[in-house]
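Read off the chains here:
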Amino acid sequence: MTTMVHNTQKHYRELVDLFSRPGEVRISTFDTPNFTSFSDATLATVLTLFDNEISFHTPEQKDYIEFQTLTGGRYSEDLSEVDYAVIKEHDLTGELMMTIKAGTLASPEKSATLIIEVDSIGEGQKYSLKGPGIKTVNEIEMTFDPKWMELRTELCSEFPLGIDLILIDRHNQLAVIPRTTITEVI
Amino acid sequence: MKQNYAFLDENSKKEIRRKTLKAIAIPGYQVPFASRELPIARGWGTGGLQLTLSLVGQSDTVKVIDQGSDESVNAVNIRKLIQDTTDVKDTIHTDEATLIQSRHRIPEVPLRPYQILVLQVPLPEPLRPVEPSERITKMLHADREYSGAWLRLFEQIMKYGSITDDADYPVLVNGRYVMAPSPIPRFDNPKMENNDGLILLGAGREKKIYAVPPYTKVTSLAFDDYPFEVESFDDITCRESGLTGVYMDELVDEETGETYYVANDTSFMLEEMNKEGSVR
């Protein structure tokens, strides 16, 4: 028998693998009724990580009401305090990127995780990735504008400060770029 | 008795999971977490156990070892608790396991990609011997101010002529954080460097989770004129298996008073002895 307990466990293990191997791509098979404007994999990530201890931001009202109802997470307008932002790439703004938490030197874990939904992982802009979790070099193609990646690199320039990105496409593919990864447009 | 899957309630797991992902994203940094009460006492592997319980799922095969042994009381009890609450398969063979919880050893068999090694940690703070205040050690980590850790090694050289830390020998992870690798012998330190699997470390009593992702630079602290050295077992032979060059336990034969050695990683020893044409 599989229940939500098993589904979130399985999804978490995918996230563990992806966080420890930046640039790898997994397909989520998480199956749950989805009334949000995001893909099932995005909802799965929200259900796996959110509860009443965290705050999050997402632009559309119908989405944040759904996330709040399902997880008990606290919606916040104040981007400078949220732990998670769930957002589609075309809704990203420079302001959002520059306002969210990047942690402090004493507590770098007090930073935001961005869950970004892109159109496609597997085609689009090619990036090369280096850093912990990558043997030599990893390559990933996705429709993620280099200008956002540049802002992310800026936020992560003073390690351990920085943000972690969970990227998800419309076909439930996931990839992770943690703050340690050095990205380059190729 | 009815219990939640993998003992912990879902909210506890979520919190541990969020902190674990942060730990993987910041290699070597000790992420504070709200360590839960468990049916075993704090300091007996609760940090490792909470990590294992937050990770374990139906498709896992679990191995639990205590100082290299699958059969010690601690290992058996922890394995039973995991199995009673999850029904997962168990194994003693390192390469068959997907999830390995260990106290004070990294197995002799190298980790495979996607394998997860969970280490139990009693004292996660490498600067604690030189600084009792948590608030100050946190600032020292923030400032990358590790003179204390270096000075401690230097003092050992001045006093005894060599570095005397045998277990829990401090390492520098990804060039940034000095980390306590848990009381694994020095022999196991080099296994952390550029390793294929993921290493998670959990300290239940001290409420810290930290991680070494795969393919990460992990260097043991040392000086140019006093380089890091592992214990050598090259000229020592295991009495049971004839193995050499692996980590050994030194024992005394009570009848003859003679000192002898036995390989510490018992499952590895068994595998080697069962091989066709093995030494014994």
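Residues numbered from 1 in each chain as written. Chains lettered and ligands numbered in written order. Predicted model: local features only at pLDDT ≥ 70, side-chain atom pairs only at ≥ 80, totals over all residues. Heavy atoms only, no water.

Novice: How do you make sense of a nonpolar patch on the surface when you look at a structure like this?
Specialist: All names here are of chain B. Residues Leu151, Phe154 and Met158 make up a contiguous nonpolar surface patch of roughly 320 Å² in combined accessible area. Within the element layout of this structure, Met158 appears in helix 5 (residues 147-160). The class for Met158 is exposed, based on a relative accessible area of 59%. (Patch = residues over 30% accessible without salt bridge, like charges linked within 9 Å, V, L, I, M, F, W, Y side chains within 5 Å. Areas by Shrake-Rupley, 256 points an atom, 1.4 Å probe, with all protein chains shown as cover. Salt bridge = Lys/Arg side-chain N within 4 Å of Asp/Glu carboxyl O. Helix = DSSP H or I, 4+ residues; strand = E, 2+ residues; numbered from the N terminus. Buried < 20%, exposed > 50% of the residue type's maximum accessible area, 1.4 Å probe, protein only.)

Novice: I'm lost on the domain arrangement of chain B in this one. Help?
Specialist: By a widely used convention, the size of an interface equals the accessible area lost when the partners come together. All names here are of chain B. Taken as a whole, chain B is organised into domain 1 (10-220) and domain 2 (232-280). Taking the mean C-alpha position of each, domain 1 and domain 2 sit 26 Å from one another. Taken residue by residue, the interface counts 14 residues in domain 1 and eleven residues in domain 2. Both sides of the domain 1 and domain 2 interface together cover about 1000 Å² of buried area, and 53% of this is carbon and sulfur. (Domains from an automatic or database assignment. Contact = heavy atoms within 4.5 Å. Buried area = accessible area lost by both parts, 1.4 Å probe.)

Novice: How should the pairing of strand 8 (residues 164-169) of chain A be read in this particular structure?
Specialist: Residues in a regular strand project their side chains so that they alternate between the two faces of the sheet. Residues and elements named next belong to chain A. Taken across its six residues, strand 8 has six buried, putting it largely inside the fold. On strand 8, burial covers both faces: Asp164, Ile166 and Ile168 on one face and Leu165, Leu167 and Asp169 on the other are all buried. When strand 5 (residues 113-118) meets strand 8, the two strands line up parallel, connected through six bridges. Bridging from a neighbouring strand, Ile115 pairs with Ile166 of strand 8. Summarising the sheet, strand 8 and strand 9 (residues 173-177) pair through four bridges and their orientation is antiparallel. The residue bridging Ile168 from the neighbouring strand is Leu174, located in strand 9. Here strand 8 folds back onto strand 9 in antiparallel fashion, the turn holding three residues, of which Asn172 has a positive phi close to 65 degrees. (Pairing = 2+ DSSP bridges.)

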